Amino acid sequence: MCRIAVLASGRGSNLEAIIQAWKAGELGGEIALVLSDNPKARALERAAKYKIPHQVVNPASYSNREAFDEALIEVLKEYQVELIVLAGYMRLISARVLQAFPWKIINIHPSLLPAFPGLNAQEQAWQYGVKYSGCTVHFVDEGMDTGPIIAQRVVPVLPGDTVTDLTDRILKEEHRLYPQVIRWFAEGRVILQGRKVLIKGE
Ligand code: GAR
């Protein structure tokens, strides 16, 4: 069974969706660890509620980036995780961590990449006036939201939408998409070919 770590900095609604898929037998893997950089993350409470092992690796507890990265790698190795799922983890993953887990780290982003990378993607899209937005699951590389795209879901931007309306519509799709992509990984169906990602059988 594919051992999964979910990394989250805040609310953890994507974590919750992944937990629900797991409980329903639809994840294909097991959540071995929930890890946060933020001791106050609600994601940690959710993990505790479901008795999932959870840890904090807080950058404030380390004197420099290298020490933080090493601590992160150590915990992830200790739990023997095979897939690292960033779910609202608001911190760039360094080259050192990427090298420790080559092409084993994925992220969900609330826009149709490569449009609107970075923070507040939903608001960026809303301000820009696009007619469609959505969410993207992608491999993490050294850039900001630049890694190979695994899957995307599109939502319309409707006349009269507030940023909150759009954010909620995208979030609903995130909650559907992320467990599905994790399942593809657990089934060994995600094949990286250069920048292109092939899903076997899709
Ligand atoms: C989600 O919308 C996720 O796509 C976004 O943060 C939110 C976390 O919500 N991630 C990013 O913007 C990463 N750049 P959650 O904590 O309720 O899952």
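The structure under discussion appears in the preceding block.
Values in this document were obtained by computation on a predicted structure and should not be read as measured data.

## What about the overall build of the chain?
Looking only at helices and strands, the chain has 6 helices and 9 strands in total. Computed over its C-alpha atoms, the radius of gyration of the chain comes to 16 Å, within 12% of the 17 Å expected for a compact globule of 202 residues. Here the C-alpha coordinates of the chain stretch approximately 50 × 40 × 35 Å along the principal axes. Residues counted as buried form 48% of the 202 residues belonging to the chain. Contacts in the chain between residues at least 24 apart in sequence constitute 62% of all its contacts with a sequence separation of at least 6. For the chain, the exposed surface amounts to about 10,000 Å²; the carbon and sulfur share of it is 52%. Charge-centre separation for the chain: the mean point of 23 positive side chains lies 4 Å from the mean point of 22 negative side chains.

## Structural notes on the site of the ligand
In the vicinity of the ligand, the contacting residues are Arg11, Gly12, Ser13, Asn14, Gly88, Met90, Ile108, His109, Pro110, Gln122, Leu171 and Glu174. For the ligand, whose free accessible area comes to 450 Å², the fraction covered by protein is 89%. At the level of secondary structure, the elements contributing two or more residues to the shell around the ligand comprise helix H1 (13–23), strand S5 (105–109) and helix H6 (163–186). Across the shell around the ligand, the residue classes tally to 4 nonpolar, 6 polar and 2 charged.

## Quick look at the side chain of serine 111
Secondary-structure assignment places serine 111 in the loop between S5 and helix H5 (121–128). Polar side-chain contacts of serine 111 include one of 3.2 Å to the backbone oxygen of phenylalanine 116. Those residues in contact with serine 111, other than ones at most four positions away along the chain, are Phe116, Ala121, Ser133, Gly134, Cys135 and Thr136.

## Focus: the sheet that holds S5
Across a sheet, paired strands are connected by hydrogen bonds in the backbone, their directions being either parallel or antiparallel. Strands sit in the order S3-S2-S1-S4-S5-S6-S7 across an open sheet of 7 strands; the sheet is mixed. Each of the sheet's edge strands pairs with one partner strand only, and the pair in question is strand S3 (54–56) and strand S7 (149–156). Adjacent strand axes in the sheet meet at a mean angle of 20° when their direction is disregarded. Pairing of strand S6 (residues 132–139) with S7, which is carried by 7 bridges, proceeds in the antiparallel orientation. Opposite threonine 136, over in S7, you have glutamine 152 as the bridge partner. Sheet contacts for helix H2 (residues 42–49): strand S2 (29–36) and S3; angle to S3, the most-contacted strand, approximately 155°. Each of strand S1 (2–7), S2, S3 and strand S4 (83–86) touches helix H3 (residues 65–78); the most contacted strand, S2, lies at about 155° to it.

## A few points about H1
The buried fraction of H1 is high, at 8 of 11 residues. All buried positions along H1 are accounted for by Ser13, Asn14, Leu15, Glu16, Ala17, Ile18, Ile19 and Ala21. Against S1, S2, H2, S4, S5 and H6 lie the buried residues of H1. Immediately beyond the C-terminal end of H1, within one or two residues, lies glycine 25, with a positive phi of roughly 75°.

## Observations concerning the pattern of salt bridges
A full pass over the atoms with the stated rule returns 9 salt bridges. A salt bridge links glutamate 16 to arginine 46; the shortest N-O distance between them is 3.0 Å. You can see glutamate 16 sitting in helix H1 and its partner arginine 46 sitting in helix H2, a full 30 residues away along the chain. Taking the relative accessible area as the measure of exposure, arginine 46 reaches 14% and is therefore buried. Each of Arg183, Glu187, Arg189 and Glu202 takes part in one network of salt bridges that share partners.

The rules behind the values
Residues numbered from 1 in each chain as written. Predicted model: local features only at pLDDT ≥ 70, side-chain atom pairs only at ≥ 80, totals over all residues. Heavy atoms only, no water. Helix = DSSP H or I, 4+ residues; strand = E, 2+ residues; numbered from the N terminus. Rg over C-alpha atoms; globule rule 2.2 N^0.38 Å. Buried < 20%, exposed > 50% of the residue type's maximum accessible area, 1.4 Å probe, protein only. Contact = heavy atoms within 4.5 Å. Areas by Shrake-Rupley, 256 points an atom, 1.4 Å probe, with all protein chains shown as cover. Lys, Arg positive; Asp, Glu negative; His and termini not counted. Charge placed at Lys NZ, Arg CZ, Asp CG, Glu CD. Near = heavy atom within 4 Å. Nonpolar A, V, L, I, M, F, W, Y, C, P; charged D, E, K, R; others polar. Polar contact = N/O pair within 3.5 Å; in protein donor to acceptor, adjacent residues only side chain to side chain. Pairing = 2+ DSSP bridges. Axes fitted to C-alpha atoms, helices over the stretch in contact; angles between N-to-C directions. Salt bridge = Lys/Arg side-chain N within 4 Å of Asp/Glu carboxyl O.

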